[in-house]
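# Notes for the structure review
Residues per chain, in single letters:
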Amino acid sequence: MKRLIQKFKSHPSLRSRKLLILASCLLVAIIGTIMLFKSRAAVVYNVPASIAADCSRNVQAEITNFIKTVPDDSTIQFPVNGCYMVDNRIEVIKRSGLSFEGQGSKIYNNGSNKHDDGVRPAWFIMTSRNINFRNFVIEGVFKQVGTPELPQGLGNLQCGGPPGTIFCADANAGFYVAGVDGMVLDNNTVRDVWGDCVVTIASGNVDPEVGIVGGGMHNNNILVNRLHCSRTARLGVAPTDGHNITIQDSDFHLNWYAGIDAEIDTNIQTLHNLRIERNTFEDYSSYAISVPANANVDGAIDGVYIFNNTAIDTPLACLGPINVGYYPTLPAMYHNVYISDNNLRAYSGGVGLDHVKNGHVHRNKIELLPGGGCSDTYPVAVLANNSENILACENILTNYLPSDTAAQACPAGTDTSNPTNTTAAPPSAPAYLKGTTKWGDGTTTPKSAAAGTMPSVSIQAAGAQTGIVYYAVSGQNGCTTDIKLINGTPFNADGNGNIAATSGTINDGGGPRPAGTYDVCFQSGNGTSATAPVTITIGTGTTPAPTPNPTPTPAPTPNPTPTPTPTPSNGMVGQTLWGDGTSAAQSGNGTSVTVSANGATPGVVYYLYSGLNNCTTDLREMGVSAMLPDSSGKIAPVTGSIKLSPAEGGQIRSAGTYNICFTRGDGSTRTAPLIYTVTSSSSPVLPPSPTTPSGKTGDLNNDNKVNIFDLSILLSHWNTNNRTGDLNNSGKVDIIDLSILLSKYGT
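Residues numbered from 1 in each chain as written. Predicted model: local features only at pLDDT ≥ 70, side-chain atom pairs only at ≥ 80, totals over all residues. Heavy atoms only, no water.

### A closer look at the overall build of the protein chain
Per the secondary structure count, the protein chain includes five helices and 51 strands. Surface accessibility of the protein chain: about 31500 Å² in total, with carbon and sulfur atoms responsible for 53%. (Helix = DSSP H or I, 4+ residues; strand = E, 2+ residues; numbered from the N terminus. Areas by Shrake-Rupley, 256 points an atom, 1.4 Å probe, with all protein chains shown as cover.)

As structure tokens, this is what we get:
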């Protein structure tokens, strides 16, 4: 340290005592930062003792503010058996890598459940990644009355109506999860809450005060493990949106409506690969497990696996303990439903299916109990209405008619092995790899590039899924791990599953990837599927990198020349209009553009984009939530910005002429576009920083090392647009540039 300070003393720019002191402090901070970064050890932050842990006052704001001070990739630890009182939600929003260790601490939610009070769960987690909660107790103020067999839930109370009346929703849940990618809820207890123990829902349009919920970011990879859920006013777990959700080894007791109710309510929400395994249900009034869908999108629910659950008691209503689909007026189908090895008791049927395509119900123990007041004189154990390709066999039935076909032997050759391994989905489970990636020239031959380079590539795809967003990425293990963006552009497959060619570089988030072989593919934005990859090997000596843009057609330029107003053609339905109903070309700075549409297709989801070539290439979302046209095909006026994606910095696009249109979620059709010319960009995209002679990322003084002097240079340009320190070309020297430099420190 003394030697470093002495060097700074002799530097002409640091001769004053004041600057010397500042530099010394800065060096201490930098070295501490380096050591922290290099160790990458998860740091534990204890909840401050200044936050009351005896339930003597409401502390949700204090806990929320404390969480905001904790860096990502850390552990937050509560004291053993503490008690924290709240009357509103504790918020975890836009965070990554946080683990919350409860150690038996209680979150006591004494908030009201009035219609005008909004969503007030104990924990509110939104648009975050890799968040874990363990060993918490969450308790509310809902108290059931009446006998245990007929608890007073929300359905028995006045609800809805004007402000001040009871709010008939999951207002005061235990955990409210909205748009989270990666979460483990392990060994938590939730009881006496006005609502549900756990809710998963899409993040779009979650109003902080009112709780209005629409589309947006789906939940992905959520595990609810060893949940102890009791005495709830509504449900146990409500997975209303998400992909790869598992609820296992949990117990549910006295949930007024159902133990698990996986219901999607809009055409925007989806539920794929839901696994419900080894849970116990007791004293529920309607269902142990229900999977309805008040939406009309075929396949919106795809992949439901219900294995080894036990329903100790019967539902009070004349309903089966397990029901999948019961909106018979909606023609949409649920796909791939497998129900095996459950132990059920019922006053009527045991398993009910409606509008299910593909699946089986086998090896379940189903006991019909006498009484119950149900009208079915001779109920069947498994009832499938409006369904296709459903096999019910080898179920063990008690008190049902001997002729009940659900007990028949499975056909020869049927796989009756126990498909309960959570790491291996049953047959017909949705595959991760769908479609094929090709290089821009249509080939799939492996490529190679020299070590230390960031090769440019062009890729396209065929057979991809429609209706979801893809990104071009490189990765490993079949595009499942070590994922890095090739570029930040979102893509939609067309109606035939094709993704047009796009170009970018194989990089490690700002520099070359280490030597090795990498998969190149299109991965879905929620990480649940990818196109089968092509490969590139980096580290082959002098082999040249692939030539960018190998397709005959050149990539669109960022400043296209104005073209005449496009005429609707194939792929176009209806017309995009300005907010005032006109369609003549306009120009401006692109920060606030109001548009509407006529003639769109009712009942499907649209998104607002700017792009090129009649909105078929170079698409960027304009920051507006998903929209549904009215019955006449009109989309009401909305206001957005002609900007780049968040991954590209989110600033206004560079000066040039763009198309604006509403595009269907599956990318198959769009409204005939408008023309808008961005005359100047308020946040111009800066050119790439000049390459240093040494070629090393972070080597700012060109001495072929990344060390303390490069850190000093970067920090001297902090919060400016100086290109020397702007390592990610975002237009600003900030924490991202510092993290890039620190990742190369010592090389």
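That shown, we press on.
### Remarks on the state of the cysteines
Under the definition given, this model contains four disulfides. One disulfide in the model links Cys55 with Cys83; its S-S distance is 1.8 Å. On the sign convention where negative means left-handed, the S-S torsion of about -80° between Cys55 and Cys83 marks this disulfide as left-handed. Of this pair, Cys55 sits in strand β2 (residues 54-58) while Cys83 is found in strand β4 (residues 83-86), placing the two residues 28 residues apart along the sequence. Of the two residues, Cys55 and Cys83, both sit in the buried class. Note that Cys197 is cross-linked by a disulfide to Cys229, the S-S spacing being 2.0 Å. Its torsion about the S-S bond being 90°, the disulfide of Cys197 and Cys229 is classed as right-handed. In this pair, Cys197 is assigned in the loop between β11 (189-191) and β12 (198-201) and Cys229 in strand β14 (residues 228-232), connecting sequence segments 32 residues apart. When its relative accessible area of 1% is taken as the criterion, Cys229 is described as buried. (Disulfide = S-S within 2.5 Å. Buried < 20%, exposed > 50% of the residue type's maximum accessible area, 1.4 Å probe, protein only.)

### A few points about the packing of aromatic side chains
A complete count under the given rule lists 15 aromatic pairs for this structure. Aromatic rings pair up to connect Phe78, Tyr84, Phe100, Trp123, Phe133, Phe136 and Phe175 into one cluster. Above the ring of Trp439, the side-chain terminus of Lys447 is found at 5.2 Å from the ring centroid. (Phe/Tyr/Trp six-rings, centres within 6.5 Å; stacked < 30°, edge-to-face > 60°. Lys NZ or Arg CZ within 6 Å of the ring centre and 35° of its normal.)

### Brief notes about the packing of helix α4 (residues 708-716) against helix α5 (residues 735-743)
Contact pair α4 / α5: the axes reach a minimum separation of 11 Å and the direction vectors enclose 175°. By the criterion of interaxial angle, the relationship of α4 to α5 is roughly antiparallel. Where α4 approaches α5, its residues Asp710, Leu711 and Leu714 are matched on the opposing element by Asp737, Leu738, Leu741 and Leu742. Of the residues that constitute the contact of α4 with α5, the class distribution is five nonpolar, no polar and two charged. (Axes fitted to C-alpha atoms, helices over the stretch in contact; angles between N-to-C directions. Parallel < 35°, antiparallel > 145°, perpendicular 65-115°, else oblique. Contact = heavy atoms within 4.5 Å. Nonpolar A, V, L, I, M, F, W, Y, C, P; charged D, E, K, R; others polar.)

### Quick look at the nonpolar core
Counting 75 residues, the largest nonpolar core has Phe78, Phe100, Ile107, Trp123, Ile125, Phe133 and Phe175 as its most contacted members. Considering each element in turn, this core owes the most residues, five residues, to strand β10 (residues 175-186). Residues contacting Ile125, with those up to four places away along its chain left out, are Val92, Ile131, Phe133, Phe175, Tyr176, Val177, Ala178, Val180 and Met183. Formed by 20 residues, the second largest nonpolar core is a distinct cluster that contains Ile635, Ile642, Ile660 and Val678. (Core = buried A, V, L, I, M, F, W, Y, C linked by side-chain atoms within 4.5 Å.)

### Here's the deal with the side chain of Ser250
Mapped onto the elements of the fold, Ser250 is located in the loop between β16 (242-248) and β17 (251-255). A distance of 2.9 Å separates a polar side-chain atom of Ser250 from the backbone nitrogen of Leu227. For Ser250, the contacting residues outside a window of four places in its chain are Val224, Asn225, Arg226, Leu227, Arg278, Asn279 and Thr280. (Polar contact = N/O pair within 3.5 Å; in protein donor to acceptor, adjacent residues only side chain to side chain.)

### Concerning a nonpolar patch on the surface
On the surface, Trp718, Ile735 and Ile736 cluster together into a nonpolar patch covering about 290 Å² of accessible area. Along the polypeptide, Ile735 turns up in helix α5. (Patch = residues over 30% accessible without salt bridge, like charges linked within 9 Å, V, L, I, M, F, W, Y side chains within 5 Å. Salt bridge = Lys/Arg side-chain N within 4 Å of Asp/Glu carboxyl O.)

### Things to note about the pattern of salt bridges
One pass over the structure, following the stated rule, counts 13 salt bridges. Across the pair Asp192 and Arg231 runs a salt bridge, and its minimum N-O distance is 2.7 Å. Of this pair, Asp192 sits in the loop between β11 and β12 while Arg231 is found in strand β14, placing the two residues 39 residues apart along the sequence. Among the salt bridges present, the one from Glu277 reaches Arg275, with a minimum N-O distance of 3.5 Å. In this structure, Glu277 and Arg275 share a single accessibility class: buried. Overlapping salt bridges, with partners in common, bring together Lys106, Glu139 and Arg191 in one network.

### Focus: the pairing of β12
The side chains of a regular strand alternate, residue by residue, between the two faces of the sheet. Of the two faces of β12, the one carrying Val198 and Thr200 and the one carrying Val199 and Ile201 are both buried. The pairing of β10 with β12 spans four bridges and is classified as parallel. If you follow Tyr176 over to β12, its bridge partner there is Val199. Looking at chain direction, β12 and strand β15 (residues 235-239) are connected through three bridges and run parallel. Each residue of the ladder has a partner; that of Thr200, found in β15, is Pro239. (Pairing = 2+ DSSP bridges.)

### Details of the environment of Ile201
You can see Ile201 is positioned in strand β12. Ile201 sits 18 residues away from Asn219 along the chain, and the two C-alpha atoms are 7.0 Å apart.

### Overview of α4
Along α4, the residues that are buried comprise Ile708, Asp710, Leu711 and Leu714. For α4, the arc enclosing every buried residue in end-on projection is 155°, short of the 170-degree limit, so these residues lie on one face. (Arc of directions from axis to C-beta.)

### Some words on helix α3 (residues 60-69)
Buried residues of α3: Gln60, Ile63, Thr64, Phe66 and Ile67, and no others. Looking straight down α3, one finds that the buried residues subtend no more than 160° of arc, so they occupy a single side. In α3, the exposed residues that point more than 90 degrees away from the buried face are Lys68 and Thr69.

### As for the environment of Ile486
Summarising the element assignment, Ile486 is placed in the loop between β37 (481-485) and β38 (491-492). Through-space distance from the C-alpha of Ile486 to that of Tyr471 is 8.1 Å; in sequence the pair is 15 residues apart. In contact with Ile486, not counting residues within four places along its chain, are Val457, Ile459, Ala472, Val473, Ser474, Ser503, Gly504, Thr505, Ile506, Asn507 and Val520.

### Focus on the side chain of Asp404
Structurally, Asp404 is set in the loop between β32 (396-398) and β33 (433-439). As a buried residue without a salt bridge, Asp404 has its nearest oppositely charged side chain in Arg363, at a separation of 16 Å. (Lys, Arg positive; Asp, Glu negative; His and termini not counted.)

### With respect to the confidence of the model for the protein chain
The pLDDT averaged across the protein chain works out to 75; a share of 72% of its residues lies at or above 70. In this model, residues 145-170 is a region of pLDDT below 50 whose contacts with residues beyond four sequence positions or in other chains number 64 contacts. (pLDDT = per-residue confidence, 0-100.)

### Considerations on unusual backbone geometry
It is generally the case that most residues other than glycine have a negative phi and that most peptide bonds are trans. One non-glycine residue, Thr127, lies in the positive phi region at around 40°. On the secondary structure map, Thr127 appears in strand β8 (residues 123-134). With phi around 50°, Arg231 is a residue other than glycine that occupies positive phi space.

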